[in-house]
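# Observations on the model geometry
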Amino acid sequence: VNLLTAQIFPEELHASRNFFLFTSGFVIAVLLLLFRSRWDAWVDRLGGGQKFTLQARFMQFGESMALCTDPDDLLRRLALLLGETLRVRKMNFYSSTGGRWVLRTPDATLPPVLEERDLGSLGGGWTTFPVRVQEAPLGLLVVGEKEGGMPLALWEKGLLRNIAGQLSLYFQNLVLMKNLE
């Protein structure tokens, strides 16, 4: 753009040239901001599409949650999805019962019961994602490290926070349906 403006605007019109350069840069920046999501998807597809594919798989999982009728089946499917997509080795879920957190699936690497004060002390590479309904704790999604001992990336944690939010509504509905039976 600078070479083009040097040919269009003579040297004595340097103020006009600077204004034109500033305006064209501003327009390009605004266009990139407006079309950022499309640009990100296009760049991701160009680079192999891994992140785009992962997000699509998680979106499909979120949509399929409504068809699931058993809370344990839903958690098994989520564990499989995390293993296949993010290469997470372990995942578990604690149910909230009056200030205590009870592990749904026995696991030798996790305590069977957690008190409220123990929530931040899991250690061992576990990352926790609260599952809440209207600020009331319903459970705690516990996700381990990825294969090779790698921690979750920030965007992966964001994806899991979104899944935990969706999981809270469906999990609450499934528990209520199971209690009615």
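This one's a predicted model, so the numbers in the text were calculated from it and none came from an experiment. (Residues numbered from 1 in each chain as written. Predicted model: local features only at pLDDT ≥ 70, side-chain atom pairs only at ≥ 80, totals over all residues. Heavy atoms only, no water.)

## A closer look at the packing of aromatic side chains
This structure, assessed with the given rule, holds 1 aromatic pair. When the ring of Phe22 is compared with that of Phe26, the centres are 6.3 Å apart and the planes differ by 20 degrees; the resulting orientation is stacked. Highlighted residues: Phe22 and Phe26, both in helix α2 (residues 14-34), separated by 4 residues, approximately one helical turn. By the burial criterion, Phe22 is exposed, and Phe26 matches it. (Phe/Tyr/Trp six-rings, centres within 6.5 Å; stacked < 30°, edge-to-face > 60°. Helix = DSSP H or I, 4+ residues; strand = E, 2+ residues; numbered from the N terminus. Buried < 20%, exposed > 50% of the residue type's maximum accessible area, 1.4 Å probe, protein only.)

## Some details on the sheet that holds strand β5 (residues 136-143)
Read from one edge of the open sheet, 5 strands run β3-β2-β1-β5-β4, paired in antiparallel fashion. Where the open sheet ends on each side, the last strands, each with one partner, are β3 (113-115) and β4 (127-133). For this sheet, the mean angle separating the axes of adjacent strands, direction not counted, is 25 degrees. With 3 bridges joining them, strand β2 (residues 100-103) and β3 adopt antiparallel strand pairing. (Pairing = 2+ DSSP bridges. Axes fitted to C-alpha atoms, helices over the stretch in contact; angles between N-to-C directions.)

## Points about the confidence of the model for the protein chain
Looking at the protein chain, the pLDDT average stands at 81 and 87% of residues meet or exceed 70. Considering each helix and strand of the protein chain separately, the mean pLDDT is smallest for helix α3 (residues 36-46), with a value of 65, and largest for helix α5 (residues 71-85), with 89. (pLDDT = per-residue confidence, 0-100.)

## A word on the nonpolar core
Judged by nonpolar contacts, the single largest core of 26 residues is most densely connected at Phe58, Leu78, Leu82, Leu141, Val143, Leu160 and Leu167. When residues of this core are assigned to their parent elements, the largest contribution, 7 residues, is made by helix α6 (residues 154-180). In this structure, Leu160 is in contact with Phe58, Leu82, Leu86, Phe129, Val143 and Leu152, ignoring residues within four places of it in sequence. Among the nonpolar cores identified, the runner-up in size contains 9 residues, and Leu103, Leu110, Leu140 and Val142 belong to it. (Core = buried A, V, L, I, M, F, W, Y, C linked by side-chain atoms within 4.5 Å. Contact = heavy atoms within 4.5 Å.)

## Observations regarding the packing of α5 against α6
In helix packing, the relevant descriptors are the interaxial angle and the interaxial distance, both defined with respect to the helix axes. Contact geometry for α5 and α6: axes closest at 9 Å, N-to-C directions at 160 degrees. Considered as vectors, α5 and α6 are oriented roughly antiparallel to each other. The two elements α5 and α6 meet at a crossing, and its hand is right-handed. Along the contact surface, α5 presents Pro71, Asp72, Leu74, Leu75, Leu78 and Leu82, while α6 presents Leu160, Ile163, Leu167, Phe171, Leu174, Val175 and Lys178. Class assignment of the residues belonging to the contact of α5 with α6 gives a composition of 11 nonpolar, no polar and 2 charged. (Parallel < 35°, antiparallel > 145°, perpendicular 65-115°, else oblique. Left-handed = near helix turned anticlockwise from the far one by under 90°. Nonpolar A, V, L, I, M, F, W, Y, C, P; charged D, E, K, R; others polar.)

## Remarks on the environment of Phe9
Structurally, Phe9 can be placed in the loop between α1 (2-8) and α2. When the C-alpha atoms of Phe9 and Phe20 are compared, they prove to be 9.5 Å apart, with 11 residues separating the residues in sequence. Contact partners of Phe9, with chain neighbours within four places excluded, come to Ser16, Arg17 and Phe20.

## Overview of unusual backbone geometry
With a phi angle near 65 degrees, Arg87 is a residue other than glycine that sits in the positive phi range. What makes Arg87 partly exposed here is its relative accessible area of 43%.

## Here we look at the pattern of salt bridges
Scanning the model with the defined rule gives 7 salt bridges in all. A salt bridge links Asp107 to Lys90; its shortest N-O distance comes to 3.5 Å. Of this pair, Asp107 sits in the loop between β2 and β3 while Lys90 sits in the loop between α5 and β1 (91-97), and the two are 17 residues apart along the sequence. With relative accessibility at 16%, the residue Asp107 sits in the buried group. Accessibility expressed as a relative area gives 36% for Lys90, which makes it partly exposed. Residues Lys146 and Glu156 are paired through a salt bridge, measuring 3.0 Å at the closest nitrogen-oxygen approach. (Salt bridge = Lys/Arg side-chain N within 4 Å of Asp/Glu carboxyl O.)

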